[in-house]
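Survey of secondary and tertiary structure
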Amino acid sequence: MKDITNRNLLNNPVKIVQVDSLDSKTLLKECLTLVKSVKHITFIVDNAPIEAKNTLLKEIKNIANVTILDEVQPNPRTIDIKNMASKIKATSVIVGIGGGSVMDSAKALAMLMTNGGELEDYLSNNPKRKIEKESLPLVLIPTTAGTGSEMTKVGVYTSLSGRKYTLGSPLMHAKKAILNTEYILNMPPALIASTGADALDHALETIWNKNANDETRKLAIEVSISIIENLLKMYNGAVNKNQNVEYCRNMLLASAVAGATFSTTGTAAGHALSFVLSEDFHVPHGSACAFTLLDIFKMSKDLQSVKAPLVEISKAFFNDDDEDILISKLYEKLNSMFKEMKLPTTFKELGVKISKDEIDVHFNRAFDDPKMWNQIPKATKENIYPFLVEKC
Ligand SMILES: NC(=O)c1ccc[n+]([C@@H]2O[C@H](COP(=O)([O-])OP(=O)(O)OC[C@H]3O[C@@H](n4cnc5c(N)ncnc54)[C@H](O)[C@@H]3O)[C@@H](O)[C@H]2O)c1
């Protein structure tokens, strides 16, 4: 991707800092640009085995007053966030180092520190409380190249009822996103595949999206090309235990920019369906998104406003004058990439036990999800259920 240092990413307020490694002094300096004095830093992490992160956390204790909270689970629960909130006394900055689950947890905690109350009160379609104040200064440092949460104004939380809710407000944006290549150098292949597919899904869902405009389409085309160029190479680097810094750096940036893009348009049908898979069957977020991506590609590709950007993406890889051939070549490229990365395509491969008769029982509610309403062409049971049934 082109250098982003001086680019306006759809007026996204998050400042991106790109580094290949990060030491404790540099991080402290970055925090000091946000507040006059850093009296205390609260770190939100999980137990992902990332040596460089553990070293940084060890070292920063020598130069700053810190608390480290590590109770985050995948698809973060409001109950864990409540527990962590009770342990934060007074803090100047919150720093989240992790995948989407950690970054969303840090986002919720930074919001709760200034707005008060419990996260549960802010969720649902008719919440008891609304976000009114800007979050505490927040720095997000991703350890997966996928969610783009470091750039978005939303967090996704599993409520006490077991449902996943998206909570969003421009007041929730992080101040800084530090993209540190070192943290994703040793990601295992399956995690690269699922989180990378999530990033690609973000970019493509901003194309088959009723809120798309010329600017979001332009960025989505650029990001999609970068992900298609780098994801499989990064995956193979992990499989062959010979990872390449450049592919990781490119994926981290593409994922962040995809985050800035869907933060403007919202996501669409694939994400609405993925929430059911995560809520009812505990499917990891990235795999849940990848599961229907190619089906939704097929369903959407003929609409002119979708076709034109897909043709542009395809032209980066293929030389042909026929638009339909370019689209079908792009589809085949993605299909073979997903196969090579062993992304599940049937419910059985996904580890989900479901019969054809149960599709409506589970997926019915996805049609009440506002994300589903962003889809173009319009998502209906008539165009979604046939491919879900085929996966049984
Ligand atoms: N806020 C947003 O804009 C946004 C966007 C998309 C997804 N999400 C949310 O993000 C969550 C998914 O995040 P995710 O896909 O990054 O996964 P994750 O954060 O749930 O992490 C998945 C697993 O990978 C481990 N892990 C993380 N980094 C690692 C590394 N470098 N090496 C080895 N293991 C590592 C974690 O410890 C965890 O066990 C979901 O809750 C999803 O709803 C949020």
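Residues numbered from 1 in each chain as written. Predicted model: local features only at pLDDT ≥ 70, side-chain atom pairs only at ≥ 80, totals over all residues. Heavy atoms only, no water.

Considered as a void within the structure, the second largest pocket measures approximately 330 Å³ in volume. If you go around the second largest pocket, you meet 16 residues; those closest to its centre are D295, K298, Y331, T345 and K391. Where the lining of the second largest pocket is concerned, the elements lending two or more residues are α9 (285-300), α11 (323-340) and α15 (381-390). With six residues, the top contributor of residues to the lining of the second largest pocket is α9. Looking at side-chain class alone, the lining of the second largest pocket contains nine nonpolar, two polar and five charged residues. (1 Å grid on protein atoms, 1.4 Å probe; cavity = no way out; pocket = protein on both sides within 12 Å on 5 of 7 lines; lining within 4 Å. Points joined across faces, edges and corners; volume = space filled by probe spheres on them. Helix = DSSP H or I, 4+ residues; strand = E, 2+ residues; numbered from the N terminus. Nonpolar A, V, L, I, M, F, W, Y, C, P; charged D, E, K, R; others polar.)

Once that is clear, we can look at the packing of helix α5 (residues 189-205) against helix α6 (residues 214-239). It is at 10 Å that the axes of α5 and α6 come closest, and there the two elements cross at 175°. The angle between α5 and α6 places the two elements in the roughly antiparallel class. For the pair α5 and α6, the contacting residues are P189, A190, I192, A193, G196, A197, A199, L200, A203 and L204 in the first and A220, V223, S224, I227, I228, L231, M234, Y235, A238 and V239 in the second. Taken together, the residues of the contact of α5 with α6 break down into 18 nonpolar, two polar and no charged. (Axes fitted to C-alpha atoms, helices over the stretch in contact; angles between N-to-C directions. Parallel < 35°, antiparallel > 145°, perpendicular 65-115°, else oblique. Contact = heavy atoms within 4.5 Å.)

Considered domain by domain, the protein is made up of domain 1 (15-183) and domain 2 (187-390). A C-alpha centroid distance of 26 Å is found between domain 1 and domain 2. Summed over both sides, the interface of domain 1 with domain 2 buries roughly 2,100 Å², with 59% coming from carbon and sulfur. Our count for the contact surface shared by domain 1 and domain 2 stands at two salt bridges. Note that E279 and R163 form a salt bridge whose closest N and O atoms lie 3.9 Å from each other. Counting every contact that joins domain 1 to domain 2 gives six residue pairs in polar contact (both at pLDDT 80 or more). For the side of domain 1 that touches domain 2, the secondary structure elements donating two or more residues are β1 (15-19), β7 (164-168) and β8 (176-180). Among the residues making up the side of domain 1 that touches domain 2, the classes are represented as six nonpolar, 13 polar and five charged. (Domains from an automatic or database assignment. Buried area = accessible area lost by both parts, 1.4 Å probe. Salt bridge = Lys/Arg side-chain N within 4 Å of Asp/Glu carboxyl O. Polar contact = N/O pair within 3.5 Å; in protein donor to acceptor, adjacent residues only side chain to side chain.)

For the rest of this paragraph, the subject is the packing of aromatic side chains. Under the counting rule described, the total for this entry stands at five aromatic pairs. Aromatic side chains F347 and F363 sit 6.3 Å apart centroid to centroid with 45° between the ring planes, which places their arrangement in the tilted category. Of this pair, F347 sits in helix α12 (residues 347-350) while F363 sits in helix α13 (residues 359-363), and the two are 16 residues apart along the sequence. Since its relative accessible area comes to 1%, F363 is described here as buried. Measuring from ring centre to ring centre gives 5.8 Å for F367 and Y385, while their planes differ by 80°; the resulting arrangement is edge-to-face. With F367 in the loop between α13 and α14 (370-373) and Y385 in helix α15, this pair connects stretches of sequence that are 18 residues apart. We classify Y385 as buried; its relative accessible area is 13%. An aromatic cluster of at least three residues, connected via ring pairs, comprises W208, F297 and Y331. Its end group placed over the ring of F291, K391 keeps NZ or CZ at 4.4 Å from the ring centre. (Phe/Tyr/Trp six-rings, centres within 6.5 Å; stacked < 30°, edge-to-face > 60°. Buried < 20%, exposed > 50% of the residue type's maximum accessible area, 1.4 Å probe, protein only. Lys NZ or Arg CZ within 6 Å of the ring centre and 35° of its normal.)

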